[in-house]
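Commentary on secondary and tertiary structure
Chain residues, written in single-letter form:
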Amino acid sequence: MGTNSQSSIMETEDDIPDPAQFRDDNAACIVSVKGLTDNWQKWSDEHREYQKHNPFSQDTRPSVVVPQRGQDDYGRPLQGSVTEQRGKDAHTHVSREVEELCEVIRNIGQPGDKDGDGRSSDGRVITVEFGKLFEHYVTISNKLVGILLRARKQGLVDFEGEMLWQGKDDHAVITLLQ
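Residues numbered from 1 in each chain as written. Predicted model: local features only at pLDDT ≥ 70, side-chain atom pairs only at ≥ 80, totals over all residues. Heavy atoms only, no water.

Contact geometry for helix α3 (residues 82-108) and helix α5 (residues 144-153): axes closest at 9 Å, N-to-C directions at 90°. Between α3 and α5, the interaxial angle falls into the category roughly perpendicular. Mapping the contact onto sequence places His-91, Val-94, Glu-97, Val-98 and Leu-101 in α3 and Leu-144, Ile-147, Leu-148, Arg-150 and Ala-151 in α5. (Axes fitted to C-alpha atoms, helices over the stretch in contact; angles between N-to-C directions. Helix = DSSP H or I, 4+ residues; strand = E, 2+ residues; numbered from the N terminus. Parallel < 35°, antiparallel > 145°, perpendicular 65-115°, else oblique. Contact = heavy atoms within 4.5 Å.)

This is the structure:
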């Protein structure tokens with residue numbers, strides 16, 4: 001009994017009947033397994049090709065061109081990639097938040113001048129204390145300090161220090177420059 005079952009398992013490709021000789025459910029299994037192996041092979045080939053262009057891959061082939069510092073594409077994702085699109089979308093989103101922050105400062109801030117001595121000058125600015133801005137802006141976004149840092153980097157606002165802390169810096173003056 002044990003030898004009979006083993007001999008039926010040990011069939012060669014010549015011994016396997018054509019799918020037409022099987023019942024329909026057996027034929028579907030053979031076709032689907034073949035489809036799975038084809039799909040796996042296709043994925044494997046695509047992944048191998050992708051890894052050729054991945055500078056972090058363990059596969060060190062001379063065909064991998066890694067941009068060097070100073071080149072225009074250094075530190076940038078491949079053009080047309082999903083990563084590039086995500087970066088563009090994030091930049092657009094943050095830019096929109098910076099514009100919204102500037103509008104909030106215009107609405108709740110007090111007009112002043114750049115010199116800070118009360119004299120009238122052409123350099124009109126709008127100022128607001130961090131605590132007041134925080135209370136108004138917290139209903140809009142929870143990323144106020146990060147957006148303020150980005151706005152300062154773009155030259156739109158100015159404030160003292162590297163970072164603003166809720167409570168500690170509530171009286172720090174934020175100046176809208178444009």
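Quick look at the pattern of salt bridges now. Tallying each qualifying case throughout the model produces five salt bridges. For Lys-34, the salt bridge is made with Asp-38, and the minimal N-O distance between the two is 3.7 Å. Residue Lys-34 and its partner Asp-38 are both found in helix α2 (residues 24-52); the two are separated by four residues, about one turn of the helix. Asp-38 sits in the partly exposed class, given a relative accessible area of 43%. Residue Arg-106 is joined to Glu-103 by a salt bridge in which the shortest nitrogen-to-oxygen separation is 3.4 Å. (Salt bridge = Lys/Arg side-chain N within 4 Å of Asp/Glu carboxyl O. Buried < 20%, exposed > 50% of the residue type's maximum accessible area, 1.4 Å probe, protein only.)

With that settled, the discussion passes to the packing of aromatic side chains. Throughout the structure, instances matching the rule amount to two aromatic pairs. Taking 5.9 Å as the distance between ring centres and 55° as the angle between the ring planes, the aromatic pair formed by Phe-130 and Phe-134 counts as tilted. On the criterion of helical spacing, the pair formed by Phe-130 and Phe-134 is a turn pair, its members being four residues apart in helix α4 (residues 130-137). Among the residues examined, Phe-130 registers a relative accessible area of 0% and is labelled buried. One residue, Arg-152, lies across the ring of Phe-159, its end atom 4.1 Å from the ring centre. (Phe/Tyr/Trp six-rings, centres within 6.5 Å; stacked < 30°, edge-to-face > 60°. Lys NZ or Arg CZ within 6 Å of the ring centre and 35° of its normal.)

This part is about the nonpolar core. Counting 21 residues, the largest nonpolar core has Leu-101, Ile-105, Leu-133, Leu-148, Val-157 and Ile-174 as its most contacted members. Of all the elements in the fold, those that place two or more residues in this core are α3, α4, α5 and β4 (173-176). Looking at this core, the element that brings in the most residues is α3, giving six residues. Ignoring anything within four residues of it in the chain, the contact list for Val-157 reads Ile-105, Leu-148, Ala-151, Arg-152, Ile-174, Thr-175, Leu-176 and Leu-177. (Core = buried A, V, L, I, M, F, W, Y, C linked by side-chain atoms within 4.5 Å.)

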